[in-house]
Amino acid sequence: MSTQRKQKKRDLSRQAEEDYLQQTLDVVKDNLKNYGHEVSRMQEDIDEMLAHYHDNDTEVLTILNNTVTMHDHFP
């Protein structure tokens, strides 16, 4: 194989890798954006539950604890 062909093949392989990397980065950015929205929604839920929490309401306490746990585990 000639040197020019090898170089062209390497250039095409590199371009394919760079394209794939860009696609991967786009997916990661979209996922982070979606997670950010989800975390914000969770924070709103937590704030609402805290505003309506009463010691004798075990259902609200359970939901609150679950939501706080989910919120804490999101990046």
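Attention here is on the structure that accompanies the text.

Parameters at a glance
- Residues numbered from 1 in each chain as written.
- Predicted model: local features only at pLDDT ≥ 70, side-chain atom pairs only at ≥ 80, totals over all residues.
- Heavy atoms only, no water.
- Helix = DSSP H or I, 4+ residues; strand = E, 2+ residues; numbered from the N terminus.
- Buried < 20%, exposed > 50% of the residue type's maximum accessible area, 1.4 Å probe, protein only.
- Contact = heavy atoms within 4.5 Å.
- Salt bridge = Lys/Arg side-chain N within 4 Å of Asp/Glu carboxyl O.

**What about the environment of L64?**
So, point 1. With respect to the helices, strands and loops of the structure, L64 is situated in helix α2 (residues 58-73).
So, point 2. We classify L64 as buried; its relative accessible area is 8%.
So, point 3. Put simply, L64 and Q7 are 57 residues apart on the chain and 60 Å apart in space, counted from C-alpha to C-alpha.
So, point 4. Among residues more than four places away in sequence, those in contact with L64 are I46, M49 and L50.

**Details of the pattern of salt bridges**
So, point 1. One pass over the full model with this rule turns up three salt bridges.
So, point 2. Across the pair R14 and E18 runs a salt bridge, and its minimum N-O distance is 2.8 Å. Of this pair, R14 and E18 both sit in helix α1 (residues 3-52), separated by four residues, roughly a single helical turn.
So, point 3. A relative accessible area of 57% places R14 in the exposed class.
So, point 4. Looking at E18, the relative accessible area reads 36%, which means it is partly exposed.
So, point 5. With its nearest N and O atoms 2.6 Å apart, the salt bridge here joins R41 to E38. Separated by three residues within a single helix, R41 and E38 lie in helix α1, roughly one turn from each other.
So, point 6. According to the relative accessible area criterion, E38 is partly exposed, its value standing at 27%.
So, point 7. Overlapping salt bridges bring together E38, R41 and D45 as one network.

Read these as spatial facts, not as claims about activity.
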